[in-house]
Amino acid sequence: MNLDQQKSILTIALLAAFADGTKDDAEREEIRRIAQSLAGDAGMADLPRIYQDVLLKRTSVQAAVQGLSDPMHRQLAYEMAVCVCNVDGRQTAAERDFLNYLKVALQLGAPQTAAFDQEADALVEEAEKAVPKSVPTTIPVAVAAATLSTAAALDAELDKSILNYALLNGALELL
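(A) Seen up close, the overall build of the protein chain. Per the secondary structure count, the protein chain includes eight helices and zero strands. Tracing the protein chain from N to C terminus, the helices and strands come up as α-α-α-α-α-α-α-α. Relative to its full complement of 175 residues, the protein chain shows a buried share of 31%. If you take every contact in the protein chain between residues at least 6 apart in sequence, the share linking residues at least 24 apart comes to 79%. Of the roughly 11,300 Å² of accessible surface on the protein chain, a fraction of 59% belongs to carbon and sulfur atoms.

(B) Quick peek at the side chain of T11. Mapped onto the secondary structure, T11 falls in helix α1 (residues 3-17). Taking relative accessible area as the criterion, T11 reaches 4% and is therefore assigned buried. Not counting the four nearest positions on each side in its chain, T11 is found in contact with I50, V54, T59 and A64.

(C) Quick look at the packing of helix α5 (residues 71-86) against helix α6 (residues 93-106). Here α5 crosses α6 at 175°, and the two axes come no closer than 10 Å. Between α5 and α6, the angle falls in the class roughly antiparallel. In this structure, α5 uses R74, A77, Y78, A81, V82 and C85 to contact α6, whose residues at the interface are E95, F98, L99, L102, K103, A105 and L106. Taken together, the residues that form the contact of α5 with α6 break down as ten nonpolar, no polar and three charged.

(D) Region of interest: the environment of L10. Tracing the backbone shows L10 in helix α1. The residues contacting L10, other than those within four sequence positions of it, are I31, I34, A35, L38, A45, L47 and I50.

What counts and how
Residues numbered from 1 in each chain as written. Predicted model: local features only at pLDDT ≥ 70, side-chain atom pairs only at ≥ 80, totals over all residues. Heavy atoms only, no water. Helix = DSSP H or I, 4+ residues; strand = E, 2+ residues; numbered from the N terminus. Buried < 20%, exposed > 50% of the residue type's maximum accessible area, 1.4 Å probe, protein only. Contact = heavy atoms within 4.5 Å. Areas by Shrake-Rupley, 256 points an atom, 1.4 Å probe, with all protein chains shown as cover. Axes fitted to C-alpha atoms, helices over the stretch in contact; angles between N-to-C directions. Parallel < 35°, antiparallel > 145°, perpendicular 65-115°, else oblique. Nonpolar A, V, L, I, M, F, W, Y, C, P; charged D, E, K, R; others polar.

Here you go:
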């Protein structure tokens, strides 16, 4: 896969991330993961530049689709967009609308996308079952203070461990 094809797929993934109007950290991390997995012998596409182009609306779905002539790359772009839309939970109406528009732009029919869509929905349902329905949004002050002191102690212990291993490695290298 060349850099232009990578750029097109990443552009579509970023457009999918912003389809719901929110900027979610999970979506950003998923895009970063996709960019790393797409990087091959040709190198890695300039993700910050692509991000800017999407944010400043200097690109579009149509422009990104033009860079994908191979049907397998078009299928991959759609699947990556679905992954990005699902990474933060169930798809919103805006994300579903975007994915439907993307199917048309990529010239993908229902048979090409139905199996992947069903699999993605099943994964989201399993994830929702695994996560508790309600998580307390406030933490008592005593618990928060204890957590902070424990975290500080763990950080200090980790720093000490790193220092000890660095000293040991230095001593071994001198030998």
